[in-house]
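Below, each chain spelled out in residue letters.
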Amino acid sequence: MRTSRSPHISGRWRRAGSTAVATSALVLAGLGTAVHATAATPDHVSAKAVATAVANAHVQYESACDATPKKGYAACNALRVTSGTTAFMEKQAALKGMTAKTLKPNASSASPTGYGPSDLQSAYGLTSASASNGSGETIAIVDAYDDPNAAADLATYRSYYGLPACTTANGCFKKVSQTGSTTSLPTADSGWAGEISLDLDMVSAIAPNAKILLVEASSSSMANLGKAVNEAVTLGAKFVSNSYGGSESSSDTSYDSSYFNHPGVAITVSAGDEGYGAEYPAASKYVTSVGGTALSTSSNSRGWTETVWKTSSTEGTGSGCSSYDAKPSWQTDTGCTKRMIADVSAVADPATGVSVYDSYGSDGTGWNTYGGTSASAPIIASVYALAGTPGSSDYPAQYPYEDTSALNDVTSGNNGSCSTSYFCTAKSGYDGPTGLGTPAGLGAFTG
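As the structure is a prediction and not an experimental result, all values here were calculated from the model.

Draft legend 1. View of the overall build of the protein. If you tally the helices and strands in the protein, you get 10 helices and 22 strands. Across the 447 residues of the protein, 62% fall into the buried class. If you take every contact in the protein between residues at least 6 apart in sequence, the share linking residues at least 24 apart comes to 79%. Summed over all atoms, the accessible surface of the protein reaches about 14400 Å², with 50% contributed by carbon and sulfur.

Draft legend 2. Just unusual backbone geometry, in detail. Along the chain, tyrosine 280 connects to proline 281 via a cis peptide bond; the corresponding omega equals 15°. The amide bond that connects isoleucine 341 to the next residue, alanine 342, takes the cis arrangement and shows omega of 15°. With respect to the secondary-structure elements, alanine 342 resides in the loop between strand S17 (338-341) and strand S18 (344-347). The phi dihedral of tyrosine 145 falls on the positive side, at around 65°, and the residue is not glycine. Along the chain, tyrosine 145 turns up in the loop between strand S5 (138-144) and helix H5 (150-160).

Draft legend 3. Main features of the side chain of glutamate 216. If you trace the backbone, glutamate 216 turns up in strand S7 (residues 211-217). Among buried Asp, Glu, Lys and Arg side chains, glutamate 216 stands out as unpaired, with lysine 175 the closest opposite charge at 4.3 Å. Those residues in contact with glutamate 216 that lie beyond four places of it in its chain are Asp143, Tyr145, Asp146, Asp147, Lys175, Val176, Ser177, Gln178, Leu185, Pro186 and Ile196.

Draft legend 4. Representation of the pairing of strand S4 (residues 79-85). Counted residue by residue, S4 has seven buried out of seven residues, so it is predominantly covered. As paired strands, S4 and strand S20 (residues 366-371) are joined by two bridges and run antiparallel to one another. Paired with arginine 80 across the bridge in S20 is tyrosine 370.

Draft legend 5. Seen up close, the state of the cysteines. Under the counting rule described, the total for this entry stands at four disulfides. Cysteine 321 shares a disulfide with cysteine 336; S-S distance 2.1 Å. Judged by the torsion about the S-S bond (80°), the cysteine 321/cysteine 336 disulfide is right-handed. Remark: cysteine 336 occurs in the loop between strand S16 (320-326) and S17 and cysteine 321 occurs in strand S16; sequence separation between them is 15 residues. Residue cysteine 336 is classed as buried on the basis of its relative accessible area of 2%. In this model, cysteine 418 is linked to cysteine 424 through a disulfide, with the two sulfur atoms separated by 2.1 Å. Classification of the bridge connecting cysteine 418 and cysteine 424 rests on its S-S torsion, roughly -80°, and on that basis the disulfide is left-handed. Looking at the protein, its bonded cysteines, counted consecutively from the start of the sequence, adopt the pairing 1-2, 3-4, 5-6, 7-8.

Draft legend 6. Summary view of the sheet that holds strand S11 (residues 279-280). Read from one edge to the other, the open sheet built from three strands follows the order S3-S9-S11, with strand pairing classed as antiparallel. Because the sheet does not close on itself, it has two edges, and the strands there are strand S3 (75-76) and S11. Judged from the two bridges that link them, strand S9 (residues 244-247) and S11 form a sheet pairing that is antiparallel. Counted as the bridge partner of serine 247 is glutamate 279 from S11.

Draft legend 7. Fine view of the environment of aspartate 431. Within the secondary structure, aspartate 431 is located in the loop between strand S21 (407-408) and strand S22 (438-439). Among the residues examined, aspartate 431 registers a relative accessible area of 0% and is labelled buried. When the C-alpha atoms of aspartate 431 and glycine 320 are compared, they prove to be 9.5 Å apart, with 111 residues separating the residues in sequence. Residues within four places of aspartate 431 in sequence aside, it is in contact with Ala342, Val410, Tyr422, Thr425 and Ala426. Within the structure, aspartate 431 has its side chain in polar contact with the backbone nitrogen of lysine 427 (distance 3.2 Å).

Draft legend 8. Representation of the packing of aromatic side chains. Within the structure shown, the criterion is met by 16 aromatic pairs. Members of the aromatic cluster, each reached through a chain of ring pairs, are Tyr157, Tyr160, Tyr161, Tyr357 and Trp367.

Draft legend 9. Summary view of helix H1 (residues 47-54). Buried within H1 we find Val50, Ala51, Ala53 and Val54. For H1, the angular spread of the buried residues around the axis is 160°, confining them to a single face. In this fold, the buried residues of H1 make contact with helix H2 (87-95) and strand S12 (288-297).

Draft legend 10. Main features of the pattern of salt bridges. Across all of its chains, the model carries six salt bridges by this definition. Ionic pairing is found between glutamate 306 and arginine 302, a salt bridge with its closest N-O pair at 2.7 Å. With relative accessibility at 24%, the residue arginine 302 sits in the partly exposed group. For the salt bridge of aspartate 343 with arginine 339, the shortest nitrogen-to-oxygen distance reads 2.7 Å. Arginine 339 gets classed as buried once you look at its relative accessible area, which sits at 0%.

Draft legend 11. Representation of the pairing of S5 within the structure. Among the seven residues of S5, seven are classified as buried, and the element is accordingly described as predominantly covered. Here S5 shows two buried faces, one formed by Thr138, Ala140, Val142 and Ala144 and the other by Ile139, Ile141 and Asp143. In the sheet, S5 pairs with S7 via seven bridges, with the strands oriented parallel. Pairing of isoleucine 141 across the sheet is with leucine 214, part of S7. Note that S5 and strand S8 (residues 239-242) share four bridges and pair parallel. The residue bridging alanine 140 from the neighbouring strand is valine 240, located in S8.

Criteria and cut-off values
Residues numbered from 1 in each chain as written. Predicted model: local features only at pLDDT ≥ 70, side-chain atom pairs only at ≥ 80, totals over all residues. Heavy atoms only, no water. Helix = DSSP H or I, 4+ residues; strand = E, 2+ residues; numbered from the N terminus. Buried < 20%, exposed > 50% of the residue type's maximum accessible area, 1.4 Å probe, protein only. Contact = heavy atoms within 4.5 Å. Areas by Shrake-Rupley, 256 points an atom, 1.4 Å probe, with all protein chains shown as cover. Lys, Arg positive; Asp, Glu negative; His and termini not counted. Salt bridge = Lys/Arg side-chain N within 4 Å of Asp/Glu carboxyl O. Pairing = 2+ DSSP bridges. Disulfide = S-S within 2.5 Å. Polar contact = N/O pair within 3.5 Å; in protein donor to acceptor, adjacent residues only side chain to side chain. Phe/Tyr/Trp six-rings, centres within 6.5 Å; stacked < 30°, edge-to-face > 60°. Arc of directions from axis to C-beta.

Rendered as structure tokens:
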């Protein structure tokens, strides 16, 4: 929750204290598509040994943009790794019998240092669906300001990972302003460009066959972002991802009716990056609120394990009981009489972060690793797209509550202190930080 209790400044370094510090050595260059082709480990390296190495991941990171937005404005929930070793780096080094070289600012690399498409698809049981589903669907990304390099950076990411081309020329990618203009675009902003690259790359990773619509709001005000959401729906998107948020206010219920009440559209919103506490629009009763996890390789049958993402008491996934929004009928937890955050979750810990390509501005230095619930929101929007078009009168936020068996229940970790335990602490079944869990295929996202 971005309030006065968390006076973060954009660009501040933050150490991921929830993970252990690793020794540093050599990270391999040129990790190409073949490295990402499978989550399996070679015969001579045990899964347990890789998991042990991955547990050594440790990073420092910075907020991409607007760390302390003023009232009525939102901050993006993207966190860019600036130093350390990520879980992906530790895994790749372990597979080669080496240790991982520490990243240093600017933390760009000639090759990815975060999880790629095959890792994410494997972790969430989506490998087959990602290859086969999503054609004909349009996933919209709503962000503030313009990323002049969005199309080119998207092409670089998809080419590296061997994904189908998604360009303006072939009709797959379209960038517009909040009024739908393709020529009169907002002012460019380096920080939000990083957020945009993260969002576009996560959609590409999970739903490579879907079309992508980027709607750029003229500012980070809730009014302009909300108008961009409406424009995305007007242009036909049935899946709309929003990776931003701000403090709750008494205006939220009016924002709900003006911008987020779209039956038949799956709208996802990141839960926030500042630990326990509710923020908006994650608190909207009309959206799927998405919390964040730490995602690590494991020697279990799934091959992966997740805990609540928490770096410190003010750095981790958001959660909590809304002060203003009414509880949707499908939420049945009894400790919160209003809307509870979150519904579901996905990877967000920068130490177990995702690979992103961004070339615009001072921090747009090529391949970077990002975390934050800005990663988890577009992942979940893309899972909805793989599952198919929602029913025309449905609020898809309800779907996970109807099939909880098709989710990975996250049962360990917390994102701070709270008077009602499940508001901030993972447990079996529903909890605030991770909701009902993370995707285990498409079942929980199908109407």
